[in-house]
Structure formats: structure tokens, C-alpha cells
Amino acid sequence: MKKSSISQEKNVSFVVKNLIAALIIAIVALFVLMAWLKNYTQHGIEVDVPNITGMYLEEARVTVEHEGLHLEVIDSTYSKKVPLGTIVEQNPVAASHAKKDRTVYVIINANSVRQVPLPDLHDISYRQAEATLKSLGISVKDYAYEPSEYKDLVLDVRIDERTIEPGERLDEGSEVTLVVGCGKGTEKITVPNLCGMKLNDARSLLLSKSLTLGIYEYDVEPTETTADLYVVYKQEPTFGTIIVEGSRVDLYLSTDIEKAASQIEESDEEEFF
């Protein structure tokens, strides 16, 4: 009985010692964990976020890193109101508090002006044209009105009196003037000779004469490689006809130079007689 009692006491002592050791290990581990978490989260250590809006990227990076922060560009935009390549927006905002090692996210103004191709706006309403241009980042500075068979349709797009052809690339933020039809006038106009001219040149000449381009048809459907080779070989009304300003002139185009040449010869003979 005495040996059994001693054995039990030893067992109890062993368990108690193990429990105490486990408790000590748990307490030490807890303190270590708390110290690690405090260091990891920088608990209680905050800095004032500097104002980097308006700075160039490298200058801003040096500024935030000096405060123990990081910089990351998340987007770019384009504005004529601020210098190219500068920061236009930041998060967190300036003067707010942030923990060290936090990332400051920024949006910068593009380093170069984005260019967009001008769509073909001829013969659509000026309101639709304005909305289309706005979606491309181009604004309508002014409207000019010319006699036309139909009112409120776009006849031409200009910058500083220069016609902008469809497909020409413009800087985002450009301002254009829309030439809009205001209906037929009363002045009599002599139809010019358009044979042999390319479509855009013929359109510009008609507009300068207060006339409107009507339909235009190709004898063979153009491809991307042949589109610039077509010239006018026939027009209605014909050269020399007297019509009211704003009237339409229909054009027929071909890559066959002989068609256009024969029409030019006929027009020259009519003009001679």
C-alpha cells in the first residue's frame, strides 16, 4: 500500500508539472504572437498621407516612400486642365491618417494625348453627331449653318475653317465646328463639274457652292485597298445646271479612269458650245 501511494503521488506531480509547463509555454506563445501582430500591423503607428496631387510620378513616389508608404498607379485619364503625366487623384486622400507600409493608389493624367478617328457624321442629325463626338472626348465648339435640302443634318465637320475628313485622327479634347443644314435658300447656283474628283474633294466643292452631297454610288463595291482610287464619273444634276442653293447633287464613282475621262470630255464640249 505504501508503494502504491508513492506511485500515485509521483503521477500527480508529473501531471501538475506538465500542466504548469504547458501553461507557461502558452503564455509565452501568446506574448510572442501579440508582439508579432503589433509589429506586423504597426499598431498605433500612423503617418499623415502627403498631398501628391499635381506631382509627377517619380516625385510623388519619393514623397510617399519618405513617409513609409508605397505608391501604385491604378488608372490614367486625360485632361487639358493639368500637365501631362501628373497625378490627378489619390487614395487615401491628403492629410488623412494611414499605417506605415500602406499603399497610396493614384490616377495620373496621360503622358500623351490620346487620338481618336473622326467617324462619318454626314447626313445625321446634329444632336446625334454631338452625342457621338462627346463619347469620343471631342466637343462641339460652334455651329455653322448652310443652305441644304434637309434641315438639321450635318454637312461638314471643321476645325479653324478646315474640313476634317472621316477617319482623320483628332486629339482627345479637340473642339470642332459642325456645319448644319438650314433648308433650301432662294439663290440660284450653277452646278460645278465634279467629274474626275474624289468623293471628299467633290463634297467640299459642293459645300463651298452652298450645295449638298446627295447619294453617292460605286459601280463596284470598294474594298479597303481600292476605296481611295474612286473618282466621280457621273453626276446628277449635270454640270452647268441651275438649281436652288441647298439642293442635292448625286454622284456616281468608279476606279475606271476612262469613264471619268469621257464624262469630262463631254462636259468640256458642252461648256465650249
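Being a predicted model, the structure only gives us computed values, none of them experimental.

1. What about helix H4 (residues 199-208)?
For H4, the complete set of buried residues consists of Leu 199, Ala 202, Arg 203, Leu 206 and Leu 207. Taken end-on, H4 shows its buried residues confined to a sector of 135 degrees, consistent with a single buried face. On its buried face, H4 is in contact with strand E7 (139-146), strand E8 (151-159), strand E11 (175-182), strand E13 (212-218), strand E14 (231-236) and strand E16 (248-254). Just downstream of H4, Ser 210 is the residue with a positive phi angle, here 65 degrees.

2. Looking at the pattern of salt bridges
In this structure the tally under the stated criterion is seven salt bridges. In this structure, Arg 248 and Glu 149 form a salt bridge, with 3.7 Å as the shortest nitrogen-oxygen distance. Pair noted here: Arg 248 is in strand E16 and Glu 149 is in the loop between E7 and E8, with a separation of 99 residues, a long-range link. Among the ionic pairs, Asp 228 bridges to Lys 198, the shortest N-O distance being 3.4 Å. On the criterion of sequence distance, the pair formed by Asp 228 in the loop between E13 and E14 and Lys 198 in the loop between strand E12 (188-190) and H4 is long-range, its members being 30 residues apart. Judged by its relative accessible area of 54%, Asp 228 is exposed. Exposure remark for Lys 198: the relative accessible area of 35% places this residue in the partly exposed category.

3. Structural notes on the packing of aromatic side chains
This model, assessed by the stated rule, comprises three aromatic pairs. Summarising the aromatic geometry, the rings of Tyr 216 and Tyr 218 are spaced 6.3 Å apart at their centres and angled 90 degrees between planes, so their arrangement reads as edge-to-face. Relative accessible area serves as the criterion here: at 31%, Tyr 216 is assigned to the partly exposed category. Between Tyr 218 and Tyr 230, the ring centres sit 4.9 Å apart and the planes meet at 85 degrees, which makes this aromatic pair edge-to-face. Residue Tyr 218 is found in strand E13, and its partner Tyr 230 is found in the loop between E13 and E14; the two are separated by twelve residues along the sequence. Residue class for Tyr 218 comes out partly exposed when judged on its relative accessible area of 27%. An aromatic cluster is defined as three or more aromatic residues linked by ring pairs; in this entry it consists of Tyr 216, Tyr 218 and Tyr 230. Just above the ring of Tyr 252 sits the side chain of Lys 234; from NZ or CZ to the centre is 5.2 Å.

What counts as what
- Here, residues in each chain are numbered from 1, in the same order as that chain's written sequence.
- The predicted nature of this model means local features are confined to residues of pLDDT at least 70 and side-chain atom pairs, given and counted, to a pLDDT of 80 or more, with totals for whole chains, interfaces and linings taken over all residues.
- Only heavy atoms go into the side-chain values, all of them from the structure, while hydrogens and water stay out.
- Exposure categories follow from relative accessible area, calculated using a 1.4 Å probe and restricted to protein chains: below 20% of the type maximum is buried, above 50% is exposed, and the middle band is partly exposed.
- Comment: elements are numbered from the N terminus, with helices defined as DSSP H or I runs of at least four residues and strands as E runs of at least two.
- Taking the helix axis as origin, the arc is that swept by the directions to the C-beta atoms.
- Any two residues whose heavy atoms approach within 4.5 Å at even a single point are treated as in contact.
- Counted as salt bridges are all cases of a side-chain nitrogen of Lys or Arg within 4 Å of a carboxyl oxygen of Asp or Glu.
- Here a Phe, Tyr or Trp ring, Trp counted by its six-membered ring, pairs with any other such ring whose centre lies within 6.5 Å, and the pair is stacked when the planes are under 30 degrees apart, edge-to-face when over 60, and tilted otherwise.
- Placement of a positive charge over a ring is assigned whenever Lys NZ or Arg CZ falls within 6 Å of the ring centre and within 35 degrees of the normal to the ring plane.

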